[in-house]
Amino acid sequence: MTNDDELLAAQQEWDAVASVTMATKDVCQSTSTNQGDHLMVVPSSLLSSSVALQHFRDHRSLSFYKHNIKPAVQYTGLQSCIRKLFGPPQLLTELEVDRDLILSLALWQFDNDDSVHTQMIRTIYRQLTSSTVDPARFGNHWDDIGFQGTDPATDLRGGGCASLINLLYLTNTPRLKNLSQSIYTLSKHLTQNFPFSIMSINITRIALHALREQLLNKLANSTGDLITVFNNFYVACFFHLYLIWRDGGKTIHDSGYVMQETENYCCKHVSVVIKNLETYLQSTSRASTENTETVNAFTNLDAFSE
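Residues numbered from 1 in each chain as written. Predicted model: local features only at pLDDT ≥ 70, side-chain atom pairs only at ≥ 80, totals over all residues. Heavy atoms only, no water.

Caption draft 1: A look at the overall build of the chain. Each helix and strand counted, the chain has 14 helices and 2 strands in total. Relative to its 306 residues, the chain shows a buried fraction of 42%. Entry remark: accessible area of the chain is about 16,600 Å², with carbon and sulfur atoms responsible for 53%. (Helix = DSSP H or I, 4+ residues; strand = E, 2+ residues; numbered from the N terminus. Buried < 20%, exposed > 50% of the residue type's maximum accessible area, 1.4 Å probe, protein only. Areas by Shrake-Rupley, 256 points an atom, 1.4 Å probe, with all protein chains shown as cover.)

Next comes the structure, spelled out in structure tokens:
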């Protein structure tokens, strides 16, 4: 039996049973090319969340998933009347297509035959670990970024590709790089560790809940960009949880409580948590600029002294 046959057989076994046997760690899986006597490892290009989203927008399967979504939580009786009078505003008609896309992504399962799907998870892995080569599709190395088992696709079933898009947005958006690394570093802490990707998937579920409850409508209507509001609300929730976890000395035993507190607070204060995130990002950006200017000043002094 070849290695490919063994891998296929192992995957079929996983689909049939609830437990998984951890595979031998094999991190590198990149295209190899021969040049003379040298073997060169050529990693795939990193993928942005905007390019990935366009792929889903153009995909022929989108219409299928749209038929199965529930755009909003339906209320009846007195609750329906109260929400009409005091609840969130209706989403602008022109933004409904993006709402339907996000909810379709939540149902869209990882496709091993779709190169964009595999490129997404490899980009996430490389950005978090600073690896210069692509990770193998299956292996123990996925535990390094907080997946459970040897195949990330099994964990992604909870939030579908919406979870993947959010993870990609967090890890491969330049202005979020420092924040994603800070959260990832905390997730590897000796006593405060937690599964980074699993936590991210749960936070995507909070963002999806807020979307269905129409809690993002007001901000999306004012900005005209539901996708960015959804992505930023997800990041803001993760940032909120990160602060509680870091400053409160939380451990994995506190995860249920912290997750519930994060959902309750963030869903009640959508604009506040997004503003807190923006304030943090602006402050870290200023600090980075000031450090760069200081380094440049000393460099200029060294040049002058010469």
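On we go from here.
Caption draft 2: Examining the packing of helix H10 (residues 196–212) against helix H12 (residues 226–247) more closely. Two numbers describe how H10 lies on H12: the axes approach to 9 Å, and their chain directions differ by 130°. Considering their axes alone, H10 and H12 lie oblique with respect to each other. Every pair of crossing elements has a handedness; the one defined by H10 and H12 is right-handed. Touching Phe 196, Met 199, Ser 200, Ile 203, Thr 204, Ile 206, Ala 207, Leu 208, Ala 210 and Leu 211 of H10 are Leu 226, Phe 230, Phe 233, Tyr 234, Cys 237, Phe 238, Leu 241 and Trp 245, all from H12. Partitioning the contact of H10 with H12 into residue classes produces 16 nonpolar, 2 polar and no charged. (Axes fitted to C-alpha atoms, helices over the stretch in contact; angles between N-to-C directions. Parallel < 35°, antiparallel > 145°, perpendicular 65-115°, else oblique. Left-handed = near helix turned anticlockwise from the far one by under 90°. Contact = heavy atoms within 4.5 Å. Nonpolar A, V, L, I, M, F, W, Y, C, P; charged D, E, K, R; others polar.)

Caption draft 3: Representation of the packing of helix H5 (residues 96–107) against helix H8 (residues 160–172) in the model. It is the contact of H5 with H8, at a shortest axis distance of 3 Å, that shows an interaxial angle of 110°. Between H5 and H8, the interaxial angle falls into the category roughly perpendicular. On the side of H5, the interface is formed by Ile 102, Leu 105 and Ala 106, while H8 contributes Gly 160, Cys 161, Ala 162 and Ile 165. Taken together, the residues of the contact of H5 with H8 sort by class into 6 nonpolar, 1 polar and no charged.

Caption draft 4: Up close: the nonpolar core. Core analysis: the largest hydrophobic core is formed by 76 residues, its most contacted members being Leu 105, Met 120, Leu 216, Phe 233 and Phe 238. In contact with Met 120, not counting residues within four places along its chain, are Leu 47, Ala 52, Phe 56, Leu 164, Ile 165 and Leu 168. (Core = buried A, V, L, I, M, F, W, Y, C linked by side-chain atoms within 4.5 Å.)

Caption draft 5: View of helix H6 (residues 115–129). In this model H6 runs 21 Å from its N-terminal to its C-terminal C-alpha over 15 residues, within 8% of the 21 Å that 1.5 Å per residue would give. Of the residues one or two after H6, Ser 130 is the one with positive phi, at around 60°. (Expected span 1.5 Å × (residues − 1).)

Caption draft 6: Seen up close, the environment of Gly 149. Position of Gly 149 relative to the elements: it lies in the loop between H6 and helix H7 (152–155). Placed 10 residues apart in sequence, Gly 149 and Gly 139 show a C-alpha to C-alpha distance of 7.8 Å.

Caption draft 7: Broad picture of the packing of aromatic side chains. Per the counting criterion, the structure on display carries 10 aromatic pairs. Here the aromatic rings of Tyr 65 and Trp 108 are separated by 4.7 Å at their centres, their planes lie at 25°, and the arrangement is stacked. Here Trp 108 lies in the loop between H5 and H6 and Tyr 65 lies in helix H3 (residues 62–66), a separation of 43 residues in the sequence. Of the two residues, Tyr 65 and Trp 108, both sit in the buried class. Summarising the aromatic geometry, the rings of Phe 196 and Phe 238 are spaced 5.5 Å apart at their centres and angled 35° between planes, so their arrangement reads as tilted. On the criterion of sequence distance, the pair formed by Phe 196 in helix H10 and Phe 238 in helix H12 is long-range, its members being 42 residues apart. (Phe/Tyr/Trp six-rings, centres within 6.5 Å; stacked < 30°, edge-to-face > 60°.)

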